[in-house]
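Next come the chains, spelled out residue by residue.
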Amino acid sequence: MPQIKIGEIEELPDGSARVSVEYDDDTKEMLMNAWGLTEWDEARAQVEFIKAFRAQIERENKDAI
């Protein structure tokens, strides 16, 4: 079972965001396979997390209308 620990999400002045996310080894392995990587890329993990998080918020907002 994937384990992800999410820290605070900080919105930056330029409209981007920063978040601290910790992944267990099994989750890292699963994501590396999904992204076609041979080693862990922390920067890419943060970008992908924020994209997925924003997409989820947009879906929830559409469902609320």
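Starting from 1, residues in each chain are numbered consecutively following that chain's sequence as written. Totals for whole chains, interfaces and linings use every residue, but because this is a predicted model, local features are given only for residues with pLDDT of at least 70 and side-chain atom pairs only at 80 or more, for both listing and counting. To get the side-chain values, all heavy atoms of the structure are used, and hydrogens and water are removed first.

**Q** Please give an account of the environment of Asp 26 that cites residues and values.
**A** When you line up the elements, Asp 26 lands in helix α1 (residues 25-35). When accessible area is computed with a 1.4 Å probe and restricted to protein chains, residues below 20% of their type maximum are described as buried, those above 50% as exposed, and intermediate ones as partly exposed. Residue class for Asp 26 comes out exposed when judged on its relative accessible area of 59%. Strands are runs of DSSP state E lasting at least two residues, helices are runs of H or I lasting at least four, and both sets are numbered from the N terminus onward.

**Q** Go over the pattern of salt bridges, please, and point to the residues and values.
**A** Here, a salt bridge means any Lys or Arg side-chain nitrogen found within 4 Å of an Asp or Glu carboxyl oxygen. Applying the stated criterion across every chain, the model contains 3 salt bridges. A salt bridge links Glu 48 to Arg 44, with the nearest nitrogen and oxygen atoms 3.6 Å apart. Of this pair, Glu 48 and Arg 44 both sit in helix α2 (residues 42-64), separated by 4 residues, roughly a single helical turn. Overall, Arg 44 belongs to the partly exposed group, its relative accessible area being 29%. Ionic contacts of the salt-bridge type, sharing partners, join the residues Arg 44, Glu 48 and Lys 51 into one network.

**Q** So, the environment of Thr 27: which residues are in play, and what are the values?
**A** One can find Thr 27 in helix α1. Each C-alpha atom of the pair Thr 27 and Gln 3 lies 6.4 Å from the other, and the pair is 24 residues apart in sequence.

**Q** Could you give an account of α1, naming the residues involved and the relevant values?
**A** Because each turn of an α-helix spans 3.6 residues, side chains separated by three or four positions end up pointing in the same direction. The complete set of buried residues in α1 reads Thr 27, Leu 31, Met 32 and Trp 35. Angularly, the buried residues of α1 cover 135° about the axis, an arc narrow enough to put them on a single face. The outward face of α1, more than 90 degrees from its buried face, is lined by the exposed residues Asp 25, Asp 26 and Asn 33. Should any heavy atoms of two residues lie within 4.5 Å, those residues are considered in contact. In this structure, the buried residues of α1 make contact with β1 (4-11), β2 (17-23) and α2. By arc we mean the arc of the directions from the helix axis to the C-beta atoms, nothing more.

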